[in-house]
Amino acid sequence: MKFSVIIPTYNRAESQPGGLVVNRSVLAVFAHPDDAELGCFGTLAALARAGFEPHILALTNGASSCSPDAAFRTAEAKESAGVIGADLVIENFVDGGLEPKRETYACVNDHLARVRPSIVVTHMVGALDHQDHETAGRAATTIAGRTPCVSLILQSEPPLMNNLFCPDFYVDITAYMAEKLNAMSRYRSERDKPFMAERAIRDRAAWWARQAETQNLPTTRYYEAFRLVKAKLDFGLLAALGPAAWGKVGVA
Ligand SMILES: [Zn+2]
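Everything quoted here is computed from the prediction, not taken from an experiment.

Peer 1: Explain the pairing of strand β6 (residues 169–172) to me, please; I cannot follow it from the model alone.
Peer 2: On any regular strand, side chains alternate: one points to one face of the sheet, the next to the other face. Across the two faces of β6 the burial is the same, with Phe 169 and Val 171 and Tyr 170 and Asp 172 all buried. Note that β6 and strand β7 (residues 223–231) share 4 bridges and pair antiparallel. Note on β7: the bridge partner recorded for Tyr 170 is Ala 225.

Peer 1: How should the pairing of β7 be read in this particular structure?
Peer 2: As defined by bridge partners, strand β5 (residues 152–156) adjoins β7 across 5 bridges and the pair is classed as antiparallel. Bridge assignment links Gln 155 to a residue of β7, and that residue is Arg 227.

Peer 1: How do you make sense of the sheet that holds strand β3 (residues 87–93) when you look at a structure like this?
Peer 2: Sheets are built from strands that pair by backbone hydrogen bonding, the pairs being arranged parallel or antiparallel. Taken in spatial order, the 7 strands of this open sheet run β3-β2-β1-β4-β5-β7-β6, and their pairing is mixed. At either end of the open sheet lies a strand with only one pairing partner, and these are β3 and β6. Across the sheet, the mean angle from the axis of one strand to that of its neighbour is 25 degrees, orientation sign disregarded. Bridge analysis of strand β2 (residues 53–60) against β3 gives 5 bridges, and the strand direction is parallel. The partner of Thr 60 across the bridge, within β3, is Phe 93. Together, β1 (25–30), β2, β4 (119–123), β5, β6 and β7 form the strand contacts of helix α1 (residues 35–49), whose direction differs from that of β1 by roughly 175 degrees. This element, helix α4 (residues 131–145), spans β1, β2, β4, β5 and β7 of the sheet and lies at about 155 degrees to β4.

Peer 1: Even after reading the chapter, I still don't get helix α3 (residues 102–115), so can you show me in this structure?
Peer 2: Residues spaced three or four apart along an α-helix face the same direction, because each turn holds 3.6 residues. For α3, built from 14 residues, the straight-helix expectation of 20 Å at 1.5 Å per residue is met to within 8% by its first-to-last C-alpha distance of 20 Å. For α3, the full list of buried residues reads Thr 104, Val 108, Leu 112 and Val 115. Down the axis of α3, the sector holding all buried residues measures 75 degrees, keeping them to one side. Projecting away from the buried face of α3 at angles above 90 degrees are the exposed residues Arg 102, Glu 103, Ala 106 and Ala 113. Where α3 is buried, its residues touch β1, β2, β3 and α4. Downstream of α3 by one or two residues, Arg 116 has phi in the positive range, about 50 degrees.

Peer 1: Teacher, can you tell me more about the packing of α3 against α4 here?
Peer 2: Helices that pack against each other are described as a pair by the angle of their axes relative to one another and the distance between those axes. Between α3 and α4, whose axes approach to 9 Å, the crossing angle comes to 50 degrees. Accordingly, the angle class assigned to the pair α3 and α4 is oblique. α3 and α4 meet at a crossing whose hand is right-handed. Listed contacts from α4 to Thr 104, Tyr 105, Val 108, Asn 109 and Leu 112 of α3 are Thr 135, Ala 139, Ala 140, Ile 143 and Ala 144. Here the contact of α3 with α4 is composed, by residue class, of 7 nonpolar, 3 polar and no charged.

Peer 1: Explain α1 to me, please; I cannot follow it from the model alone.
Peer 2: End to end, α1 covers 21 Å across 15 residues, agreeing with the expected 21 Å (1.5 Å per residue, within 8%). Burial runs high along α1: 13 of the 15 residues are buried. Note on α1: the residue one or two positions beyond its end, Gly 51, has a positive phi of about 100 degrees.

Peer 1: Sorry, what's going on with the nonpolar core here?
Peer 2: Side chains of a nonpolar character, in soluble globular proteins, are inclined to be buried together. Core analysis: the biggest nonpolar cluster contains 61 residues, and Ala 28, Val 29, Leu 44, Val 120 and Tyr 223 have the highest contact counts within it. Broken down by element, this core gets its largest block of residues, 7 residues, from α1. Not counting the four nearest positions on each side in its chain, Val 29 is found in contact with Leu 57, Val 108, Val 120, Thr 122, Ala 136 and Ala 140.

The rules behind these values
- Residues numbered from 1 in each chain as written.
- Predicted model: local features only at pLDDT ≥ 70, side-chain atom pairs only at ≥ 80, totals over all residues.
- Buried ≥ 20, exposed ≤ 12 C-beta atoms within 10 Å, placed from the backbone.
- Helix = DSSP H or I, 4+ residues; strand = E, 2+ residues; numbered from the N terminus.
- Pairing = 2+ DSSP bridges.
- Axes fitted to C-alpha atoms, helices over the stretch in contact; angles between N-to-C directions.
- Contact = placed C-beta atoms within 7 Å.
- Expected span 1.5 Å × (residues − 1).
- Arc of directions from axis to C-beta.
- Parallel < 35°, antiparallel > 145°, perpendicular 65-115°, else oblique.
- Left-handed = near helix turned anticlockwise from the far one by under 90°.
- Nonpolar A, V, L, I, M, F, W, Y, C, P; charged D, E, K, R; others polar.
- Core = buried A, V, L, I, M, F, W, Y, C linked by C-beta atoms within 7 Å.

Laid out in structure tokens, this is it:
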């Protein structure tokens, strides 16, 4: 008698709903260049280390911010994405005027169809911190929620006005803090913003470590915190992530 053993394989190009094959890519959908770095760059770095292909989508070029021109901010974003070899696309919606209209949703849908991610990370919806963040988060969450290949949807911490942010999902980024700080430092035009300062980034991540790990912390540890929107139990995804790359899931 002949026995055969089926070994789960991972193929970026194929996704079989309900099976053990997952699409090992993650798509971060944010409004401006620097948003993904602030909210989830450590997580993207951890996923890249675990074999995931990181993709960053910025729906505007951030031209209304501190940059001398849009090209400068775009160059900074490319440098930053390069820290972990992430694919970066910057769309041309109006900075400060990103609207919840058909074109915005269609654009996000096109990128989800292009990347076919198993993980989508975006802005928190309802944070009241920036109108573009609200639109981008709502579009990404809505489209990802009805895209079959997406097993995990996370909303990241807003840089300001985060009194409404109640996380329930934490990622240990201690081993990836250097990459996050390296990426943030590339935004030279943004360095005067208080939430872009290294001290602020470290304090925030250390605070989430205090929330995620209730035992004594022998050394300084860093976490990124998220609101969990959807988690579909997918053993292929869990195997791909591996226990070392992830912190525990907890309730604040
Ligand atoms: Zn932003």
